[in-house]
Amino acid sequence: SLPAKLINGGIAGLIGVTCVFPIDLAKTRLQNQQNGQRMYTSMSDCLIKTIRSEGYFGMYRGAAVNLTLVTPEKAIKLAANDFFRHHLSKDGKKLTLLREMLAGCGAGTCQVIVTTPMEMLKIQLQDAGRIAAQKKLMAAQAQLSSSAGAAEPAVEARTTATQITRELLRSKGIAGLYKGLGATLLRDVPFSIVYFPLFANLNKLGQKDPNVKAPFYVSFLSGCVAGSTAAVAVNPCDVIKTRLQSLQRGVNEDTYSGILDCTKKIWQKEGPMAFLKGAYCRALVIAPLFGIAQVVYFIGIAEFLLDMLPKHRA
């Protein structure tokens, strides 16, 4: 049933995000730093410096936004894929690869309704620590180079998702929350086109009988492999999306007017390898996230909960 699909997708998203959010924060910060302004050399270096400067919970900046919106996002994504697969199948026959890809395309298109504002807000909060650390470092360097000791730089107040949302709605309306929509589509549609058919076919390899679900560990491993493969494949689009959705820049960092301008500047100033920034972080995020999501979704926790409600009432 649709309610069960939505509940399963929501539970899967909550569990997955809680487990991998610090890696996602490192990915955002690595993707946003530009040549000449590098604060972090790797994922581990980023997480260590984040803990030192912002504390343990600094790794979870922006997690509240993700945890709030990941439920409808994952629910829409998984339920939409099932919906399109059902309507594209003919008399219950096996879907062709093309139809599987079309179903994934439809799921990716539907999910951006929630994904775009979620990513927009999350990126501002995740990257705020990097920009603050960069400003603090430059202020310390300026203080050392000056003959007279300057005053300590003021500690910046932490911005909340609510404040960012209010400011965007006040200045730009609802369109402000959907900045980078085109780039989000450019990432999520190809991701779903790769992910869903690959997962479905890998999962079938573990089915002894077509009418029986694959074991949970097969669904988990299939989700991990399909998720990490799709994540790396679309990482260039993710880098562009992250750069476009970042409202604040570090010192001497480029700004971008659109997808083509962003692509051109990254290619010219940072080289083609810049499009792979954070690729391994993204693979580490997506693999367990979708592995967990598929296990929860296919085990059907929601069906069990919904079945128990009438019995409990009785």
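Scroll up a little and you will see the structure.
The following paragraphs examine the structure supplied in this document. (Residues numbered from 1 in each chain as written. Predicted model: local features only at pLDDT ≥ 70, side-chain atom pairs only at ≥ 80, totals over all residues. Heavy atoms only, no water.)

Right, let's talk about the overall build of the protein for a bit. Per the secondary structure count, the protein includes 11 helices and zero strands. Starting at the N terminus and ending at the C terminus, the protein contains elements arranged as α-α-α-α-α-α-α-α-α-α-α. Considering the protein as a whole, with its 314 residues, one finds that 48% of them fall into the buried category. Counting contacts in the protein only where the partners sit at least 6 residues apart, residues at least 24 apart contribute 81% of the total. In the form shown here, the protein has an accessible surface area of approximately 15,700 Å², with 66% of it arising from carbon and sulfur atoms. (Helix = DSSP H or I, 4+ residues; strand = E, 2+ residues; numbered from the N terminus. Buried < 20%, exposed > 50% of the residue type's maximum accessible area, 1.4 Å probe, protein only. Contact = heavy atoms within 4.5 Å. Areas by Shrake-Rupley, 256 points an atom, 1.4 Å probe, with all protein chains shown as cover.)

What follows is about the pattern of salt bridges. Overall, the coordinates contain 19 salt bridges when judged by the stated rule. A salt bridge links E167 to R170; the shortest N-O distance between them is 2.7 Å. Of this pair, E167 and R170 both sit in helix α5 (residues 161-172), separated by three residues, roughly a single helical turn. Put simply, D261 and K265 hold a salt bridge, and the shortest N to O gap is 3.4 Å. With D261 and K265 both in helix α9 (residues 259-270) and four residues apart, the pair spans about one turn of that helix. Taken together, the shared-partner salt bridges in this structure form one network comprising D24, K27, E119, K122, R187, D188, D238 and K241. (Salt bridge = Lys/Arg side-chain N within 4 Å of Asp/Glu carboxyl O.)

Another aspect to go through is helix α7 (residues 216-233). Here α7 spans 26 Å end to end across 18 residues, near enough to the 26 Å set by a 1.5 Å rise per residue. Three or more residues of α7 are buried, namely V218, S219, S222, G223, C224, A226, G227, A230 and A231. (Expected span 1.5 Å × (residues − 1).)

Okay, the nonpolar core next. Counting residues in hydrophobic clusters, the biggest one holds 30 residues, and the most contacted among them are M43, F191, Y195, I286, L289 and F290. Of all the secondary-structure elements, those providing two or more residues to this core are α1 (2-32), α2 (43-54), α3 (63-88), α6 (181-204), α7 and α10 (279-299). Sort the elements by how many residues they give to this core and α1 lands first, with six residues. Not counting the four nearest positions on each side in its chain, F191 is found in contact with K77, G227, A230, A231, V234, R282, I286 and F290. (Core = buried A, V, L, I, M, F, W, Y, C linked by side-chain atoms within 4.5 Å.)

Among the surface-exposed residues, F216, Y217, F220 and L221 lie close enough to one another that they form a single nonpolar patch of about 430 Å² accessible area. Looking at the element boundaries, F220 is found in helix α7. Taking the relative accessible area as the measure of exposure, F220 reaches 32% and is therefore partly exposed. (Patch = residues over 30% accessible without salt bridge, like charges linked within 9 Å, V, L, I, M, F, W, Y side chains within 5 Å.)

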